[in-house]
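# Summary of the model geometry
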Amino acid sequence: MQADIENRIQSEIAARRDDLISLTQDLIRIPTLNPPGRNYHEICVYLAERLGRAGFKVDLIRAEGALGDSIAHPRWNLVARAVGTGAGDCVHFNSHHDVVAVGHGWTRDPFGAKIEDGRIYGRGACDMKGGLAASVIAAEAFMAACPDYRGAIEISATADEESGGFGGVAYLAEKGWFDPERVQHVIIPEPLHKDRICLGHRGVWWAEIETKGRIAHGSMPFLGDCAVRHMGAVLAEMEATLFPLLATKRTDMPVIPEGAKQSTLNVNAIHGGESEQDEDYTGLPAPCVPDRCRITIDRRFLIEEDLAEVKREMSAMLERVKAARPTFDYEVRDLFEVQPTMTEKEAPIVKSTAAAIEKVLGREAAFVVSPGTYDQKHIDRIGRLKNCIAYGPGVLDLAHQPDEWVGIGDMEDSAKVMALVLAELLAP
Ligand SMILES: [Zn+2]
């Protein structure tokens with residue numbers, strides 16, 4: 001019986017090859033640039049028509065009042081649900097529909113969706129319109145191969161993942177769309193590669209550190225107190241003690257790439273003194289001792305670390321600087337934090353996806369953890385749903401790069417994997 005369904009799924013997906021290609025091209029050709037959040041309604045309407053034809057009940061949901069939502073750029077989301085013939089679990093595929101800026105260095109039209117050597121090129125091809133298209137084809141092929149399935153299948157296309165997901169998955173989770181009562185399994189088809197299961201991600205702490213000084217005339221710096229020199233002392237202390245300490249903290253999480261298996265810290269920005277002038281300004285700067293200097297830090301932490309401890313470590317470093325500099329004063333402001341998350345390898349969605357990868361690709365699935373966060377954080381924290389993974393076609397390194405592409409064969413294979421997961425979880 002099971003072997004029978006598997007054969008039917010294989011041929012249903014093979015029969016949809018052209019459809020998979022044109023669906024991916026159509027999605028790439030709708031430039032859903034974020035920021036500012038263009039064409040979100042258009043892409044949701046396109047998918048609503050398509051999924052409506054396939055028998056899904058479709059809801060378009062605007063994240064009204066969410067961060068980023070405005071009259072000019074409303075944050076539209078789509079949730080489509082197909083219900084089977086009897087009681088059962090709900091398997092949900094969540095893709096973000098926004099893409100990042102094009103940037104420089106393209107040799108192809110970023111919204112042309114040109115096919116070359118079995119690849120489709122365009123902004124968002126791998127991150128993640130290819131994954132979205134693969135999940136739609138997987139669901140349609142499974143429903144054709146197994147019309148008497150149990151439970152429900154959901155597909156969502158959500159806004160703003162690239163800018164934190166507040167007008168997308170976070171909003172939907174707050175409104176109960178990811179309540180474990182209605183959704184039991186979630187796959188996020190981010191481009192982690194067709195043979196890898198991503199179990200979760202490291203934690204994030206963004207903060208602003210400000211050093212304080214006193215303004216004075218630049219010709220008499222001894223009458224002021226230079227906040228930039230204080231920040232220089234902070235950065236020197238960071239190099240001497242904090243970076244070496246972070247390098248010793250290693251995780252047992254299977255984080256990729258290798259360099260992200262330790263705690264990391266980036267200084268995202270630094271600013272001190274007079275603001276930079278516009279490019280067309282032709283005057284000279286004014287001589288002042290800077291009274292403020294700020295850096296923005298991006299600390300990524302491990303599941304073995306505690307956020308409070310991460311913050312204490314930073315304060316301890318700042319206190320060491322303070323002890324050595326009589327007039328040193330500082331402030332730390334939290335900007336953003338996300339707890340690390342990792343789904344258990346024994347979770348049902350992990351086990352069925354691993355089994356499906358083995359069947360389709362003839363090799364064992366690899367388990368990875370992402371160095372940065374994605375929408376799983378909201379499903380986990382707000383939705384309280386733990387049975388969630390990222391799995392989808394594409395090469396992660398190509399995301400946000402010029403000449404981004406997704407392989408047609410990779411999309412087909414991962415669509416087969418997703419359809420077999422549906423068979424495993426929903427076939428009668
Ligand atoms: Zn993405």
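What you see is a predicted model; the values in this text were computed from it and never measured.

## Structural notes on the overall build of the protein
From N to C terminus, the protein includes 10 helices and 16 strands. Relative to a compact globule of 428 residues, whose C-alpha radius of gyration would be 22 Å, the protein shows 25 Å and is just as compact. Across its three principal directions, the C-alpha atoms of the protein cover 85 × 45 × 40 Å. Looking at the protein as a whole, 45% of its 428 residues are labelled buried. Sequence-distant contacts in the protein: of pairs separated by 6 or more residues, those separated by 24 or more amount to 81%.

## Focus on the environment of D291
As for its placement among the helices and strands, D291 is situated in the loop between β10 (264–272) and β11 (292–301). Placed 112 residues apart in sequence, D291 and D403 show a C-alpha to C-alpha distance of 44 Å. Aside from chain neighbours lying at most four places away, what touches D291 is K212, G213, R214, I215 and A227.

## What about the nonpolar core?
Counting residues in hydrophobic clusters, the biggest one holds 101 residues, and the most contacted among them are A138, F142, I389, A419 and L422. Take this core: its biggest share by element is 14 residues, from helix α4 (residues 125–145). When we break this core down by domain, the ones giving at least three residues each are domain 1 (2–200 + 341–426) and domain 2 (203–338). Aside from chain neighbours lying at most four places away, what touches A138 is A415, M418, A419 and L422. Judged by nonpolar contacts, the second largest core, of 11 residues, contains I209, M231, L242 and L318.

## Some remarks on the sheet that holds β11
Spatial strand order, β10-β11-β9-β12: four strands in an open sheet with antiparallel pairing. Edge positions in the sheet fall to β10 and β12 (330–338), since each has one partner strand and no second. Averaged over all adjacent pairs, the angle separating strand axes in this sheet is 15°, with direction ignored. Relative to β11, strand β9 (residues 203–212) runs antiparallel, the two sharing 10 bridges. Opposite T211, over in β11, you have C293 as the bridge partner. Together, β9, β10 and β11 form the strand contacts of helix α6 (residues 227–247), whose direction differs from that of β10 by roughly 175°.

## Let's talk about the pairing of strand β6 (residues 152–158)
For β6, the tally of buried residues reaches seven of seven residues, placing the bulk of the element in the interior. Because side chains alternate across β6, one face comprises the buried residues A152, E154, S156 and T158, and the other comprises I153, I155 and A157, equally buried. Across six bridges, the pairing between strand β2 (residues 76–83) and β6 is antiparallel. Residue pairing across strands places R81 opposite E154, the latter belonging to β6. Where strand β3 (residues 90–96) meets β6, seven bridges bridge the pair, whose relative direction is parallel. Looking at the pairing, V91 lines up with I153 of β6.

## Things to note about the UniProt feature "domain: Peptidase M20 dimerisation" (unreviewed entry) in the protein
Following the UniProt record, one finds the feature "domain: Peptidase M20 dimerisation" (unreviewed entry) at residues 200–322. Taken end to end, residues 200–322 has its terminal C-alpha atoms 38 Å apart, with 30% of it in helix and 25% in strand.

## Notes on the domain arrangement of the protein
Domain assignment breaks the protein into domain 1 (2–200 + 341–426) and domain 2 (203–338). Once you take the C-alpha centre of each, domain 1 and domain 2 turn out to be 37 Å apart. Contacts between the two partners involve seven residues from domain 1 and, on the opposite side, nine residues from domain 2. The element that contributes the greatest number of residues to the side of domain 1 that touches domain 2 is strand β14 (residues 366–370), accounting for three residues. Considered class by class, the residues forming the side of domain 1 that touches domain 2 number five nonpolar, one polar and one charged.

Definitions and limits used
Residues numbered from 1 in each chain as written. Predicted model: local features only at pLDDT ≥ 70, side-chain atom pairs only at ≥ 80, totals over all residues. Helix = DSSP H or I, 4+ residues; strand = E, 2+ residues; numbered from the N terminus. Rg over C-alpha atoms; globule rule 2.2 N^0.38 Å. Buried ≥ 20, exposed ≤ 12 C-beta atoms within 10 Å, placed from the backbone. Contact = placed C-beta atoms within 7 Å. Core = buried A, V, L, I, M, F, W, Y, C linked by C-beta atoms within 7 Å. Domains from an automatic or database assignment. Pairing = 2+ DSSP bridges. Axes fitted to C-alpha atoms, helices over the stretch in contact; angles between N-to-C directions. UniProt positions renumbered as here; feature names shortened; annotations may be inferred. Nonpolar A, V, L, I, M, F, W, Y, C, P; charged D, E, K, R; others polar.

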